[in-house]
Amino acid sequence: MTMHRTGTRREWLSARLSLLEQEKELTRRSDDVAERRQQLPWVKIEKDYRLDTEQGAVPLSALFKGRSQLLVYHFMFGPDYAAGCPSCSSIADGFNGIAVHLENHDVAFSAVSRAPLAKLLEFRQRMGWTFDWASSANSDFNHDFNVWFTPEEQRDGGIEYNYRREPPMPKPLAGKKVQQWELRDSEGPVEQMASMTGTDVPTYTRDRPGVSAFAIQGDDIYHTYSSYARGLDGLWGVYQWLDRAPLGRNETGVWWRHHDRYGAS
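For every chain, the first residue of the written sequence is number 1, and numbering continues from 1 onward in sequence order. In view of the model being predicted, local features appear only for residues whose pLDDT reaches at least 70, and side-chain atom pairs are presented and counted only at 80 or more, with totals across whole chains, interfaces and linings using the full set of residues. Computation of side-chain values: all heavy atoms of the structure, hydrogens and water removed.

**Q** Would you take a moment to explain the overall build of the chain for this structure?
**A** Tallying secondary structure elements over the chain gives nine helices and ten strands in all. Taking 2.2 N^0.38 as the reference for a compact globule, 265 residues should give roughly 18 Å; the C-alpha atoms of the chain span a radius of gyration of 20 Å, in line with that estimate. The principal-axis extents of the C-alpha atoms in the chain amount to approximately 65 × 45 × 35 Å. Note on contacts: a residue pair is in contact if any heavy atoms of the two residues lie within 4.5 Å. Look at the contacts in the chain between residues 6 or more apart in sequence, and 62% of them connect residues 24 or more apart. By the counting rule applied here, Lys and Arg register as positive and Asp and Glu as negative, while His and the ends of each chain are not counted. Taken as the charge location is NZ of Lys, CZ of Arg, CG of Asp or CD of Glu. Where the 32 positive side-chain charges of the chain centre and where its 36 negative ones centre are 6 Å apart. Segments assigned H or I by DSSP are reported as helices when at least four residues long, segments assigned E as strands when at least two residues long, and all are numbered from the N terminus. For this measure, only C-alpha atoms enter the radius of gyration; the expected value for a globule follows 2.2 Å times N^0.38, where N is the number of residues.

This is the structure in structure tokens:
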């Protein structure tokens, strides 16, 4: 017997119409927030970032591929990782389908990570992905956009992520929890996430996820927007579906895996 409240079709329709008004208000609010994103001032990029791609070492401008806008997903994949972050990988499972549409709407797309390009491309092949992926191994790109931090910053409380300064990493790390960018309403065991990338806790958490937007006008590139942590929630496609499922996200811990590791012992 179901443990959830039941009712008649008439009762369901009345409750659904009430919820519909809230959904419409959320959509209108989302439109307003999107417009405010577009009104942010642009900041000219003065540094000459060089990224490793399948076409060789190229400037950031090459990632635009002739388009006026560029979206970058900061994928957690450090040089010491054996596999990409499972959370980033779950998000990236949706990239193949959208990239072609973005590119035909004057928006280029690329993931960027610190691992060497060969390691990124090997993992991309394993996952069956085709989107562009560049390595920032030889540049300050990830550090400058607040998605990678040094061991000293981690130890001394010098990490500023998601527009907030973090305290020094506690010791010992066993049993500690990671920030909310891993779980929606609770904190998940960081050791479990780190183990799926073949790293330890400090190494895993020096890299962080994010998304950044850029515009190019003539020879000038501008940084227009960045978001981190729960700001990526709307890009995580599986959660948008789960939010519409009968039990919602229904999670008590880190349940997701690399999509080729479900069922593995």
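**Q** Even after reading the chapter, I still don't get unusual backbone geometry, so can you show me in this structure?
**A** In this structure, aspartate 106 is a non-glycine residue whose phi angle is positive, near 65 degrees. Positionally, aspartate 106 belongs in the loop between helix H3 (95–103) and strand E5 (107–113). Working definition: with a 1.4 Å probe on protein chains only, accessible area under 20% of the residue-type maximum means buried, over 50% means exposed, and in between means partly exposed. Residue class for aspartate 106 comes out partly exposed when judged on its relative accessible area of 32%.

**Q** Can you walk me through the nonpolar core in this structure?
**A** In summary, soluble globular proteins display a tendency toward joint burial of nonpolar side chains. Within the largest apolar cluster, 32 residues are counted, with the highest numbers of intra-cluster contacts made by Phe75 and Trp133. When contributions to this core are tallied by element, the ones reaching two or more residues are helix H2 (86–92), E5, helix H4 (117–127), helix H7 (190–196) and helix H8 (201–206). With four residues, the top contributor of residues to this core is H7. Not counting the four nearest positions on each side in its chain, phenylalanine 75 is found in contact with Gly84, Cys85, Cys88, Ser89, Ala92, Ala111, Val112, Ser113, Phe123, Trp129 and Trp133. Judged by nonpolar contacts, the second largest core, of 16 residues, contains Ala108, Phe141, Phe214 and Ile221. Among the buried residues, those of types Ala, Val, Leu, Ile, Met, Phe, Trp, Tyr and Cys that are joined through side-chain atoms within 4.5 Å form a nonpolar core.

**Q** Whenever I open this one, the environment of methionine 193 confuses me. Can you help?
**A** Inspection of the secondary structure assignment puts methionine 193 in helix H7. Residue class for methionine 193 comes out buried when judged on its relative accessible area of 0%. Taking the C-alpha atoms as reference, methionine 193 lies 9.3 Å from arginine 257; in sequence the two are 64 residues apart.

**Q** So what exactly am I meant to see when it comes to the pairing of E5 here?
**A** Regular strands show a simple pattern: their side chains alternate between the two faces of the sheet. Taking burial as the measure, the seven residues of E5 include seven buried ones, the bulk of the element. Alternating positions in E5 separate into two faces, Val107, Phe109, Ala111 and Ser113 on one and Ala108, Ser110 and Val112 on the other, with burial throughout. A strand pair is defined by DSSP finding two or more bridges across the two strands. The pairing of strand E4 (residues 69–74) with E5 spans six bridges and is parallel. Its bridge partner lying in E5, valine 72 is registered against serine 110. Sheet topology note: the E5/strand E6 (residues 133–135) ladder contains three bridges and is parallel. Residue pairing in the sheet places serine 113 in a bridge with serine 135 of E6.

**Q** What am I meant to see in the pairing of strand E3 (residues 56–59) here?
**A** Two elements, strand E2 (residues 50–53) and E3, share four bridges in a ladder whose sense is antiparallel. Each residue of the ladder has a partner; that of aspartate 52, found in E3, is alanine 57. Here E2 folds back onto E3, and the loop between the two strands holds two residues.

**Q** Any chance you could explain the packing of aromatic side chains here in plain terms?
**A** Each pair of aromatic rings is reported with the distance of its centres and the angle of its planes. When the centres of two rings from Phe, Tyr and Trp lie within 6.5 Å, Trp using its six-membered ring, the rings pair. Their planes under 30 degrees apart give stacked, over 60 give edge-to-face, and anything left gives tilted. Following the criterion strictly, the structure yields 29 aromatic pairs and no others. Here tyrosine 49 and phenylalanine 145 contribute two aromatic rings whose centre-to-centre distance is 6.0 Å and whose plane-to-plane angle is 50 degrees, an arrangement assigned as tilted. Highlighted residues: tyrosine 49 in the loop between strand E1 (43–44) and E2 and phenylalanine 145 in the loop between helix H5 (141–144) and helix H6 (151–156), separated in sequence by 96 residues. For tyrosine 49, a relative accessible area of 6% puts it in the buried group. Every member of this aromatic cluster is reached through a ring pair, and the members are Tyr73, Phe75, Phe77, Tyr81, Phe95, Phe109, Phe123, Trp129, Phe131, Trp133 and Tyr204. Two limits define a charge over a ring: the Lys NZ or Arg CZ must be within 6 Å of the ring centre, and within 35 degrees of the ring normal. Sitting above the plane of the tryptophan 12 ring, arginine 9 keeps its charged end 5.0 Å from the centroid. Positioned above the aromatic ring of tyrosine 161, the side-chain terminus of arginine 208 is 5.1 Å from the ring centre.

**Q** Honestly, the environment of glycine 56 in this entry has me stumped. Any pointers?
**A** Tracing the sequence through the fold places glycine 56 in strand E3. The class for glycine 56 is partly exposed, based on a relative accessible area of 28%. When the C-alpha positions of glycine 56 and alanine 134 are compared, they lie 9.7 Å apart, and in sequence the two are 78 residues distant.

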